[in-house]
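Each chain, written out:
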Amino acid sequence: MDHFQYRDGQMHVEDVPLATIAESVGTPFYCYSSATLERHYDAFADAFEGQNALVAYAIKANSNMAVIRTLGLRGAGVALVSGGELRRAQQAGIPAQKIVFSGVGKTEAELIAGLDAGILQFNVESEPELRKLSEIAVARGKTAPVAIRVNPDVDAGVHHKITTGLKENKFGIEWTAAREIYAKARDLPGIEVVGLSVHIGSQLLDLEPFRKAFLKISDLVAMLRQDGHDIRNLDLGGGLGIPYDGGPSPAPADYAALVKETVGNLDCLLVLEPGRMITGNAGVLVTRLLYRKEGATRTFYVVDAGMNDLMRPTLYDAYHHMEPVRQSDSNAEPLPVDVVGPICETGDTFGKQRPLPAMEQGDLLIMRTAGAYGAVMANTYNTRAGIPEVLASGDRWTVVRRRMEVADLLALESMPDWLEGDDDPA
Ligand code: LLP
């Protein structure tokens, strides 16, 4: 359930007509619903009631500080993967002891920032990273709390670009080498081993791969404890899939039951890192029809959002459901149309042969389920300045990231002195 619904034929975010926001901020823009964010967070957190669990929202999915803070106020911690995300989490007021730091390539500056912040744990992904972290910690008179990320070699059965738990993937320490690296970690002076982490992929619609991975992990934790390691935190990563196309998707309660069944007896603090499940359906991309173009074989709706604003369709062939903001009042059959952006690449296509009502130039359209991996993955290709993000709550709404200006982009560049001077390109 989300809070983007028609009322009197007009798509609303909570109590606000999207057309009102569009008139004020222009298009395209991302719009998020606080009530949906809260509802999804609560559904996930409630499913784990009775288990010793920290829900650490994976802010890579949507790192707008207003979104982080909305969830933080419900009790969420965060899972992050860069120094930049750490800054956001801190600025949004997330307590350091609710922060876990993952990522296969943390820089020295990032490790220092995490250490100085006093985060709950670093999920370390290689032996060189472990050594680097130990050195840094010793130099600063600190001890780094570490979970080793283990790669369980389980196929998550998802798009190849977002599967992470196979041995040929770059993530984690190979399953079979885990005991060895834990032994090394124990001997490093700046490291305190506190746990183990795993993350097998994203957008899983089937729970079985989780079961396989968690059972393997459970065996491994038992072994590591026999070796004398204090495994008290178990980070299970994120990955729970959501229904982009309205099809079935796993319920948080079933996921929580699976967690309990597979690792519940280990008496660990469970760290859960849902991203998409929390923010995906809490956001839409609102765009405007620029032109309706009759091609040789099909009709195109050319909209003002481009693949730079929402990368998922071109990058993962992802499906985002589209609906007009103003409900059609005609009884005519919807037309199959291709919805495309203005960018000079064929990949700049949001949907092919989608049944949409006849729309006029200037009409607004939403792309649903754009609250996760939407705004955060946007770029400025074709010198298209970043689009705004809006957050609504009841009948209130506000811009939580302003629209970029082209001047913002140009201000980052400078002309070399040898190109300055009197000569103008003829
Ligand atoms: N934890 C770790 C270590 C991760 O790498 C990820 C996502 C998550 C948690 C959150 O996973 P989620 O619950 O959101 O599935 N850009 C892609 C998704 C990339 C996911 C990367 N890792 C997309 O748009 O589908």
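Residues numbered from 1 in each chain as written. Predicted model: local features only at pLDDT ≥ 70, side-chain atom pairs only at ≥ 80, totals over all residues. Heavy atoms only, no water.

## Overview of helix H3 (residues 65–72)
Count 3.6 residues to each turn of an α-helix, and residues three or four apart come out pointing the same way.
Logical step 1: Along H3, the residues classified as buried are Val67, Ile68, Thr70 and Leu71. Seen from one end, H3 has its buried residues packed into an arc of 160 degrees, which puts them on one side.
Logical step 2: Two or three places before Ala66, at the start of H3, stands the capping residue Asn64, its side-chain oxygen 2.9 Å from that residue's backbone nitrogen. (Buried < 20%, exposed > 50% of the residue type's maximum accessible area, 1.4 Å probe, protein only. Helix = DSSP H or I, 4+ residues; strand = E, 2+ residues; numbered from the N terminus. Arc of directions from axis to C-beta. Polar contact = N/O pair within 3.5 Å; in protein donor to acceptor, adjacent residues only side chain to side chain.)

## Points about the sheet that holds strand E2 (residues 10–13)
Logical step 1: Spatially, the three strands line up as an open sheet ordered E1-E2-E3, and their pairing is antiparallel. Of all the strands in the sheet, the pair left with one neighbour each is strand E1 (4–7) and strand E3 (16–17).
Logical step 2: Here E1 runs beside E2; their pairing, made up of four bridges, is antiparallel. Residue pairing in the sheet places Tyr6 in a bridge with Met11 of E2. (Pairing = 2+ DSSP bridges.)

## Considerations on the pairing of strand E9 (residues 144–151)
Logical step 1: With respect to burial, E9 is a largely interior element, eight of its eight residues being buried.
Logical step 2: Burial of E9 is two-sided: the residues Ala144, Val146, Ile148 and Val150 facing one way and the residues Pro145, Ala147, Arg149 and Asn151 facing the other way are all buried.
Logical step 3: The pairing of E9 with strand E11 (residues 191–197) spans six bridges and is parallel. What sits directly across from Pro145, in E11, is Glu192.

## Considerations on the nonpolar core
Logical step 1: In this structure, Phe122, Leu196, Leu234, Leu236, Tyr255 and Val339 are the most contacted members of the largest nonpolar core, which totals 99 residues.
Logical step 2: With seven residues, helix H8 (residues 208–226) is the single largest residue contributor to this core.
Logical step 3: In this structure, this core is formed jointly by two domains, domain 1 (4–31 + 280–404) and domain 2 (102–273), each of which donates at least three residues.
Logical step 4: Once residues within four sequence positions are removed from consideration, Tyr255 is found in contact with Phe44, Phe48, Leu207, Phe210, Phe214, Leu236, Gly237, Leu240 and Leu272.
Logical step 5: Judged by nonpolar contacts, the second largest core, of 17 residues, contains Phe4, Leu18, Ile21 and Val390. (Core = buried A, V, L, I, M, F, W, Y, C linked by side-chain atoms within 4.5 Å. Domains from an automatic or database assignment. Contact = heavy atoms within 4.5 Å.)

## Looking at the domain arrangement of the chain
Logical step 1: Each assigned domain of the chain is listed with its residue range as follows: domain 1 (4–31 + 280–404) and domain 2 (102–273).
Logical step 2: Averaged C-alpha coordinates put domain 1 and domain 2 at centres separated by 36 Å.
Logical step 3: Each side of the interface is counted separately: domain 1 has 10 residues, and domain 2 has eight residues.
Logical step 4: Between domain 1 and domain 2, the buried area comes to about 740 Å², and carbon and sulfur atoms account for 59% of it.
Logical step 5: Ranking the residues of domain 1 by area buried against domain 2 places Tyr316, Tyr319 and Thr369 at the top, with a combined share of 53%.
Logical step 6: Taken together, the connections running from domain 1 to domain 2 amount to zero salt bridges.
Logical step 7: Here domain 1 and domain 2 share zero residue pairs in polar contact (both at pLDDT 80 or more) between them.
Logical step 8: Here the side of domain 1 that touches domain 2 is composed, by residue class, of four nonpolar, five polar and one charged. (Buried area = accessible area lost by both parts, 1.4 Å probe. Salt bridge = Lys/Arg side-chain N within 4 Å of Asp/Glu carboxyl O. Nonpolar A, V, L, I, M, F, W, Y, C, P; charged D, E, K, R; others polar.)

## Digging into the environment of Ala282
Logical step 1: By secondary structure assignment, the location of Ala282 is in the loop between helix H10 (276–279) and strand E14 (283–294).
Logical step 2: The residues contacting Ala282, other than those within four sequence positions of it, are Phe4, Cys31, Tyr32, Ser33, Thr36 and Leu37.

## Details of the packing of helix H4 (residues 83–91) against helix H5 (residues 108–117)
Logical step 1: Here H4 crosses H5 at 25 degrees, and the two axes come no closer than 9 Å. Between H4 and H5, the angle falls in the class roughly parallel. The residues of H5 that touch H4, namely those facing Gly83, Leu86 and Gln90, are Glu110, Ala113, Gly114 and Ala117. (Axes fitted to C-alpha atoms, helices over the stretch in contact; angles between N-to-C directions. Parallel < 35°, antiparallel > 145°, perpendicular 65-115°, else oblique.)

## Focus on the site of the ligand
Logical step 1: Close to the ligand lie 17 residues; Lys60, Ser202, Glu273, Arg312 and Tyr373 are nearest.
Logical step 2: Between the ligand and His199, the relevant distance is 3.5 Å, taken from an oxygen atom to a side-chain nitrogen or oxygen of the residue.
Logical step 3: Take Glu273: an N or O atom from its side chain is 2.5 Å from a nitrogen atom of the ligand.
Logical step 4: Bound to the protein, the ligand loses 91% of the 590 Å² it would expose on its own.
Logical step 5: Looking at the shell around the ligand residue by residue, the class counts come to six nonpolar, six polar and five charged.
Logical step 6: In terms of domain composition, the shell around the ligand takes at least three residues from each of domain 1 (4–31 + 280–404) and domain 2 (102–273). (Near = heavy atom within 4 Å. Areas by Shrake-Rupley, 256 points an atom, 1.4 Å probe, with all protein chains shown as cover.)

## Some details on the pattern of salt bridges
Logical step 1: What the rule picks out here adds up to 24 salt bridges.
Logical step 2: With a closest N to O distance of 3.0 Å, Lys142 and Asp116 form a salt bridge. Residue Lys142 is located in the loop between helix H6 (127–139) and E9, and its partner Asp116 is located in helix H5; the two are separated by 26 residues in the primary sequence.
Logical step 3: Note on Asp116: relative accessible area 40%, which makes it partly exposed.
Logical step 4: Linking Asp363 and Arg326 is a salt bridge whose minimum nitrogen-to-oxygen distance equals 3.6 Å. Taken together, the residues span a long stretch of sequence, with Asp363 in the loop between strand E18 (349–356) and strand E19 (364–367) and Arg326 in the loop between strand E16 (322–324) and strand E17 (335–340) at a distance of 37 residues.
Logical step 5: With relative accessibility at 44%, the residue Arg326 sits in the partly exposed group.

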